[in-house]
Amino acid sequence: MDLLTQTYLLLRKDLLLELRRRDSLLTMFFFGTLLLFVFHFSFDLPPDKVAEMAPALLWLAFLFTGTLGLAQLFQAERENHCLDALLLSPLDRGALFLAKTIFNLILMLLVELVVIPLFWILFNLSAWNLLPQLFLVILLGTIGFCVLGTIMSALTLRARARELLLPLVLFPLMIPVILATIRCMESVLRNGEFGEALSWLKLLVGFDVIFITVGILIFDWVIES
Amino acid sequence: MGAWGFVSLAYGIVYGAIVVYWLFLKRRFRQVETELNRLRASEATRSDDKS
Amino acid sequence: MTQSIETAKKRKGILGGLALVAVAIGLYWSLAIAPPDAYQGEVQRIMYLHLPSILTAYLSYFLVFVGSGMYLWKREKRDDLLAHAAAELGVLFTALTIIEGSIWGKPTWGVWWTWDARLTLTAILLLIYAGYLMLRSLIDDENRAASAAAILGIIGFLDIPLIHMSVYWWRTLHQPPSILRPDKAPWENVHPAMLTALTISFVAFLLLYFYLLSLRYRVGEMRHEIKALRVERGA
């Protein structure tokens, strides 16, 4: 069985489980929306300022929401020693990595698909035509987050204070993605197209490619720890 | 604070911290060494008892 | 067995002694012989601390990377011990670099802190490797902790160039290039005594670093042996 087939099967299992109970998805969705409200009350922005702050606020909301999802990522495997069972089988660890990454990616994308238009409505933003470009940037950023996040989630699986440790080790490493995503989005909102932000976009793609490769190669060792 | 004040502050903190860390290391070193020798000694007596 | 331990101790002692001498010479040269900077005055002498510190920190993180990689490959405990010791020292020297940078900044720019590229990058570096140390201390199983830390050590190091790029772009795209940076001294008219002071300071820091590293490594090595002995007795 090759890498892609294994990935697909593992992914399908996770998706089916999630479809039945929707624990992670609903929690993430409500948390993301809740953050929007909290931001609104905290920042009390005049309407012209909102467009400036929108990329940062959105991305922060997704970061925190995504971290929630990451904490849940290996939960199913932890119960009933499923992880040990998986490891005993001749499974390519890279497939496990890809499956978990894509699973978290799908969850986050679903949440983002709802939260972004919601944000636009709640904060009375007008640039609806720019949403596709913005979404591309967010997609690339979310991929970066899910890739590194899956690795860190697996690494901290047996650590004490796991819920605190996971963001602690993940966020500094995410800084290129955070910077690139937000700057890119700002540029799009300001100029209506990518222009100068193209280098940020390249950085994002580079980041994603590098760490997907590293993840596939290194996941054997990650999961054994 | 004059220029030399800043310089002394910087040099002071840096070498001060290095000295403190060094003392800290030495203390850890001594503690661990004692513990190790104690364990090794009792290992030796254990094997003496067995033989 | 004990004889090799004695030799090791003696060697460490010699290294420590050399380091001390180098530090003393370095201090004398940095503070007394090297002339004050034409623009920044005496405060520029902090550079003789700052550049060696940051370079020592980078060396440390490189050792963490190498140790982590070797450990994952060969699973020999000594590589893990090296990585752990280097990470601890790296955090120390990074923290010192930040403090030096801050103290240098106050008379130069008027503020204790600024989010310029260099200081920001150093702070991020500190966060990454402090996280490494935390990860190690929060995982109870020693082998798991070593493996997990090794992965983090590798990923962290690989991420550094990306972080470097992103922070520099961020800070230079919209900033006027007129912000004076302490290490951009006018190299055209550099006084030879300044270069000597810098070189001696580098050597001094390197010697100090390797002395402390050897101590820290040995502590880790002994701790590991203690654990092994305890397990034996328990079994």
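The structure we're discussing is the one just above.
Residues numbered from 1 in each chain as written. Chains lettered and ligands numbered in written order. Predicted model: local features only at pLDDT ≥ 70, side-chain atom pairs only at ≥ 80, totals over all residues.

Per the secondary structure count, chain B includes one helix and zero strands. Within chain B, the fraction of its 51 residues that count as buried is 8%. (Helix = DSSP H or I, 4+ residues; strand = E, 2+ residues; numbered from the N terminus. Buried ≥ 20, exposed ≤ 12 C-beta atoms within 10 Å, placed from the backbone.)

On to the overall build of chain A. Across its full length, chain A holds nine helices and zero strands. Reading chain A from its N end, one meets helices and strands in the order α-α-α-α-α-α-α-α-α. Relative to the globule expectation of 17 Å for 225 residues, the C-alpha radius of gyration of chain A, 18 Å, shows essentially globular dimensions. Referenced to the eigenvectors of the C-alpha coordinate spread, the extents of chain A come out at roughly 55 × 35 × 30 Å. By the burial criterion, 43% of the 225 residues in chain A qualify as buried. (Rg over C-alpha atoms; globule rule 2.2 N^0.38 Å.)

What follows concerns helix H9 (residues 198-224) of chain A. All names here are of chain A. The terminal C-alpha atoms of H9, which comprises 27 residues, lie 39 Å apart, in line with the 39 Å expected from a rise of 1.5 Å per residue. At Ile218, H9 shows its largest kink, close to 60 degrees. By the burial criterion, the buried members of H9 are Trp200, Leu203, Leu204, Phe207, Asp208, Phe211, Gly215, Ile218, Phe219, Val222 and Ile223. (Expected span 1.5 Å × (residues − 1). Bend = angle between axes of the 7 residues up to and from the residue.)

Once that is clear, we can look at the nonpolar core. Among the nonpolar cores identified, the biggest contains 134 residues, and Leu148 and Leu155 of chain A together with Ala86, Leu135, Ala149, Ile151 and Leu152 of chain C are the most heavily contacted of them. In this view, Ala86 of chain C contacts Ser60, Leu63, Val64, Gly67 and Leu213 of chain C; residues no more than four positions away in its chain are not counted. (Core = buried A, V, L, I, M, F, W, Y, C linked by C-beta atoms within 7 Å. Contact = placed C-beta atoms within 7 Å.)

Bringing the interface of chain A and chain C into the picture now. Between chain A and chain C, the residue contacts involve 25 residues of the former and 25 residues of the latter. Put simply, the parts of the chain that give the side of chain A that touches chain C at least two residues each are helix H7 (131-155), helix H8 (162-191) and H9 of chain A. At 10 residues, the largest contribution of residues to the side of chain A that touches chain C is made by H8 of chain A. Considered class by class, the residues forming the side of chain A that touches chain C number 19 nonpolar, two polar and four charged. (Nonpolar A, V, L, I, M, F, W, Y, C, P; charged D, E, K, R; others polar.)

Every contact between the two is made by 25 residues of chain C and, on the other side, 22 residues of chain B. Listed by contribution, the elements that provide at least two residues to the side of chain C that touches chain B are helix H3 (77-109) and helix H6 (192-234) of chain C. In terms of residue count, H6 of chain C provides more of the side of chain C that touches chain B than any other element does, 11 residues in total. Partitioning the side of chain C that touches chain B into residue classes produces 16 nonpolar, one polar and eight charged.

Following the sequence through the fold, Ile128 of chain C ends up in helix H4 (residues 117-138). A tally of 27 C-beta atoms within 10 Å means that Ile128 of chain C is categorised as buried. In the structure, Ile128 of chain C is positioned 104 residues away from Ala24 of chain C in sequence and 32 Å away in space, judged by C-alpha atoms. Those residues in contact with Ile128 of chain C, other than ones at most four positions away along the chain, are Pro172 and Leu173 of chain A together with Gly156 of chain C.

This next bit is on the environment of Trp115 of chain C. Note that Trp115 of chain C resides in the loop between H3 and H4. What makes Trp115 of chain C exposed here is the crowd of 10 C-beta atoms within 10 Å.

The subject of this paragraph is the arrangement of the chains. Counting contacts across all two pairs of chains that touch, the top pair turns out to be chains A and C. Nothing in chain A touches chain B; the tightest C-alpha to C-alpha distance between them is still 25 Å.

All right, on to the packing of helix H1 (residues 3-21) of chain A against helix H6 (residues 93-122) of chain A then. Helix packing for two helices is described by the angle between their axes and how far apart those axes are. Residue and element names in this part refer to chain A. Between H1 and H6, the least distance of the axes is 8 Å, while the angle of their chain directions is 45 degrees. In this view, H1 runs oblique relative to H6, as classed from their interaxial angle. Taken as a pair, H1 and H6 cross one another with a handedness that is right-handed. For the pair H1 and H6, contact is made by Leu3, Gln6, Thr7, Leu10, Leu11, Asp14 and Leu15 and by Gly94, Ala95, Leu96, Leu98, Ala99, Ile102 and Phe103, respectively. Grouping the amino acids of the contact of H1 with H6 by side-chain chemistry returns 10 nonpolar, three polar and one charged. (Axes fitted to C-alpha atoms, helices over the stretch in contact; angles between N-to-C directions. Parallel < 35°, antiparallel > 145°, perpendicular 65-115°, else oblique. Left-handed = near helix turned anticlockwise from the far one by under 90°.)

Below, the discussion takes up the packing of helix H3 (residues 47-72) of chain A against H7 of chain A. All names here are of chain A. The geometry of H3 relative to H7 is characterised by a closest axis approach of 10 Å and an angle of 35 degrees between their N-to-C directions. Here H3 and H7 pass one another in a crossing that is right-handed. Counting all contacts with H3, which are made through Trp59, Phe62, Gly66 and Leu70, the residues of H7 involved are Gly141, Thr142, Phe145, Gly149 and Ser153. Looking at the contact of H3 with H7, its residues break down into four nonpolar, five polar and no charged.

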